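Remarks on the overall topology
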Amino acid sequence: MSISTTTQCDFVLFGALGDLAQRKLFPALYQLERSELLHDDTRILALARQEVDEAAFKAETLERLKDRIPEEQRDPDSIKRFFSKVEFMRLDFLSPEGYDQLKAWKSDTDAPLLIYMATPPLIYGGIGANLKASGCIERSTRVVVEKPIGHSLESSHEINSQLAEYFDESQLYRIDHYLGKETVQNLIALRFANNLFETQWNQKYISHVEITVAEKVGIEGRWGYFDKAGQLRDMVQNHLLQLLCLIAMDPPSDLSADSIRDEKVKVLKALKPITPDVMEGHMVRGQYTAGNIDGKSVPGYLEEEDANRGSSTETFVAIKAEICNWRWAGVPFYMRTGKRMPEKLSEIIIHFKPAPHYIFDPDQKHIANNKLIIRLQPDEGISLQVLTKDQGLDKGMRLRQGPLQLSFSEAFNTGRVPDAYERLLWEFIKGNQYLFVRRDEVEWAWKWIDQIISGWEELGLAPKKYSAGSWGPVSSIAMIARDGRSWYEDV
Ligand code: BG6
């Protein structure tokens, strides 16, 4: 039996046999069912262009679920309940035929129609037109769209305008799965529920901020898509800028979607453009060559399957960003993200300034500042590095830097930290937009990214090589070292 907070809905998934649906969305929907968060009468209609029947679709989806869900979480009752909610329909998304059948299916209930477009963004408009023409769109209809929303300001504007022809902004849920990660949610709680941090959260007390999103994986068969995008468009335009916004934004007046998104937009507007004259000190592009990860040799980017051997697409970027406002003037935000790094690691490090007058051993002065480490993955948690006295008579007043630690899985004994897609689908079903991205956020982010890309083009800035399994080109270390600093794991 479902718990009382659940809402009945008719959930329609376009692209149900695609990688995203099979790898992320069905496992997330299954976990919601297992946690009894899906209303008993919820229906899930899987739409795909392939000629398969419902039984074959379910069998395939169950097999893929087994790869993603650990055995102890696959209890037969939940699986049975889940698949009894799932139906399959073949649909050619861009042809009007078939949408009448969708409309007829929908007419069976009064539940709101929730649509997930797990399809290439170029066809969002075509799907919207067919939904509209067949009378499927009502005031209560909501729709999730996936990134990338375009590859530039102009193309994102076009996609957003097409969507706006069929849906009001309050019906649109643009997903950035980083906003569904448990620690990202906790960042909001940490910042706005603890006055302790708010008083310190500005240029007076913070010297700089680091954001690292490192991946071990390479291109994973996505060369065609990735090579047109590159790491700046694929990761910085969305995930890293969203993290930057959550760190840098002013406290919203409440937790409503628009209050939070208004504050994030102010940060994006205040980002200082990285123009060609300052590009050298503010930006590094990299591309991996063959190397070693976990003792295994891996090919370089240009040797991956389907690679265009002459590509100059970046698989790594490091950026020194600056925010032009009272709170952050003079505080660099160093961001770095890359493929084929030594570990999968996403973390934010807030470096506080040292105390104004230092009275301990001069040789320890370099450790005398606090750091707040917010780890998104792996081992989600928050730790505050504080200075205490080293224990023992012989130690005198020697200092020791140690963590005040909060590991979410240990502290709350929850056993399982929900995947980002679970959280986002759950918020979508409840009709809460605060973890989704508004049109102006996407467009302001593109505006900043576009001027970086046109700067590269103007300067002919080719990516620097780095070996797979390293932390990126040496110029990334040099970029931060020029300011007398180093990346956290290099200390
Ligand atoms: C996606 C990017 O948005 O995020 C991928 O398109 C990337 O290239 C992925 O690998 C990383 O997500 P996560 O949650 O594994 O850090």
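You'll find the structure just up there.
Computed from a predicted structure; not experimentally measured. (Residues numbered from 1 in each chain as written. Predicted model: local features only at pLDDT ≥ 70, side-chain atom pairs only at ≥ 80, totals over all residues. Heavy atoms only, no water.)

Now for the overall build of the protein chain. Looking only at helices and strands, the protein chain features 15 helices and 17 strands. Counting only C-alpha atoms and orienting by the principal axes, one finds that the protein chain spans roughly 75 × 50 × 45 Å. Nonlocal contacts in the protein chain, meaning residues at least 24 apart in sequence, comprise 78% of its contacts between residues at least 6 apart. Accessible surface, the protein chain as shown: approximately 21800 Å² in total, 51% of it carbon and sulfur. Counting 60 positive and 72 negative side-chain charges, the protein chain places the averaged centre of each group 4 Å from the other. (Helix = DSSP H or I, 4+ residues; strand = E, 2+ residues; numbered from the N terminus. Contact = heavy atoms within 4.5 Å. Areas by Shrake-Rupley, 256 points an atom, 1.4 Å probe, with all protein chains shown as cover. Lys, Arg positive; Asp, Glu negative; His and termini not counted. Charge placed at Lys NZ, Arg CZ, Asp CG, Glu CD.)

Cis geometry is adopted by the peptide bond preceding Pro148, which originates at Lys147 and carries an omega value of 0°. Residues Gln377 and Pro378 are joined by a peptide bond in cis, for which omega reads -10°. With respect to the helices, strands and loops of the structure, Pro378 is situated in the loop between strand E14 (371-377) and strand E15 (381-389). At Glu36, a position not held by glycine, the phi torsion is positive, near 60°.

Attention now goes to the packing of helix H10 (residues 257-270) against helix H14 (residues 439-459). In the contact formed by H10 and H14, the axes pass within 9 Å of each other and the chain directions differ by 15°. On the basis of their axis angle, the class for H10 and H14 is roughly parallel. Both H10 and H14 take part in a crossing whose hand is left-handed. Mapping the contact onto sequence places Arg261, Lys264, Val265, Leu268 and Lys269 in H10 and Asp440, Glu441, Trp444 and Ala445 in H14. (Axes fitted to C-alpha atoms, helices over the stretch in contact; angles between N-to-C directions. Parallel < 35°, antiparallel > 145°, perpendicular 65-115°, else oblique. Left-handed = near helix turned anticlockwise from the far one by under 90°.)

Looking now at the packing of aromatic side chains. In this structure the tally under the stated criterion is 18 aromatic pairs. Here Phe14 and Tyr99 contribute two aromatic rings whose centre-to-centre distance is 6.4 Å and whose plane-to-plane angle is 25°, an arrangement assigned as stacked. Separated by 85 residues along the polypeptide, Phe14 in strand E1 (residues 10-14) and Tyr99 in helix H4 (residues 99-106) bring together distant segments of the chain. The residues Phe14 and Tyr99 share a single accessibility class, namely buried. What links up through ring pairs into an aromatic cluster is the set Trp223, Phe226, Tyr288, Tyr301, Phe316 and Tyr466. (Phe/Tyr/Trp six-rings, centres within 6.5 Å; stacked < 30°, edge-to-face > 60°. Buried < 20%, exposed > 50% of the residue type's maximum accessible area, 1.4 Å probe, protein only.)

The local shell around the ligand consists of Lys147, His177, Tyr178, Lys181, Glu215, Arg222, Asp234, Met235, His239, Lys339, Lys344 and Gln377. Here Lys344 contributes a side-chain N or O atom positioned 2.8 Å from an oxygen atom of the ligand. In isolation the ligand exposes 400 Å². Once the protein is present, 81% of that is buried. Considering each element in turn, the shell around the ligand owes the most residues, 3 residues, to helix H9 (residues 223-248). Its residues assigned to classes, the shell around the ligand shows 2 nonpolar, 3 polar and 7 charged. (Near = heavy atom within 4 Å. Polar contact = N/O pair within 3.5 Å; in protein donor to acceptor, adjacent residues only side chain to side chain. Nonpolar A, V, L, I, M, F, W, Y, C, P; charged D, E, K, R; others polar.)

The next subject is the pattern of salt bridges. Scanning the entire structure with this criterion turns up 35 salt bridges. Residue Lys24 pairs with Asp419 through a salt bridge whose shortest N-O separation is 3.7 Å. With Lys24 in helix H1 (residues 19-34) and Asp419 in the loop between helix H12 (408-412) and helix H13 (420-430), the pair connects residues that are 395 residues apart, well separated along the chain. Asp419 sits in the partly exposed class, given a relative accessible area of 31%. Between Lys320 and Asp483 there is a salt bridge, with the nearest N and O atoms lying 2.9 Å from each other. Taken together, the residues Lys320 in strand E11 (residues 316-321) and Asp483 in the segment after helix H15 (474-481) connect sequence positions 163 residues apart. The buried category is assigned to Lys320, whose relative accessible area is 14%. If you follow the salt bridges from partner to partner, you end up with Lys147, Glu215, Arg222, Asp234 and Lys339 in one network. (Salt bridge = Lys/Arg side-chain N within 4 Å of Asp/Glu carboxyl O.)

What follows deals with helix H7 (residues 182-193). For H7, built from 12 residues, the straight-helix expectation of 16 Å at 1.5 Å per residue is met to within 8% by its first-to-last C-alpha distance of 16 Å. Taken residue by residue, H7 has Thr183, Val184, Gln185, Leu187, Ile188, Leu190 and Arg191 as its buried positions. (Expected span 1.5 Å × (residues − 1).)

This part is about the environment of Gln242. With respect to the helices and strands, Gln242 occurs in helix H9. Sequence separation of Gln242 and Val442 is 200 residues, and the distance between their C-alpha atoms is 9.8 Å. Apart from the residues lying within four places of it in its own chain, the contact partners of Gln242 are Asp176, Leu179, Lys264, Val437 and Glu441.

A few words on the pairing of strand E7 (residues 206-214). Across the 9 residues that make up E7, a large majority, 9, are buried. Where E7 lies against strand E13 (residues 345-352), 8 bridges are found, and the strand directions are antiparallel. Residue pairing for E13: Val213 is matched across the bridge by Ser346. Sheet analysis places E7 next to strand E12 (residues 333-338), joined by 6 bridges and oriented parallel. Following the sheet pairing, Ile211 is matched in E12 by Met335. (Pairing = 2+ DSSP bridges.)

A separate point is the sheet that holds strand E6 (residues 172-174). Strand-to-strand pairing in sheets goes through backbone hydrogen bonds, with the strands running parallel or antiparallel. Taken in spatial order, the 6 strands make up an open sheet running E3-E2-E1-E4-E5-E6, and their pairing is parallel. The sheet terminates laterally at strand E3 (86-90) and E6, the two strands that pair on one side only. Averaged over all pairs of adjacent strands, the angle between strand axes in this sheet comes to 20°, irrespective of strand direction. With 5 bridges connecting them, E1 and strand E2 (residues 43-48) associate as parallel partners. Considered in E2, the bridge of Phe14 is made with Leu47.

For the rest of this paragraph, the subject is the nonpolar core. Counting 124 residues, the largest nonpolar core has Phe14 and Tyr116 as the members making the most contacts within it. The element best represented in this core is H9, accounting for 11 residues. The next biggest cluster of nonpolar side chains, apart from the first, holds 22 residues, and it includes Ile219, Tyr301, Trp471 and Trp487. (Core = buried A, V, L, I, M, F, W, Y, C linked by side-chain atoms within 4.5 Å.)

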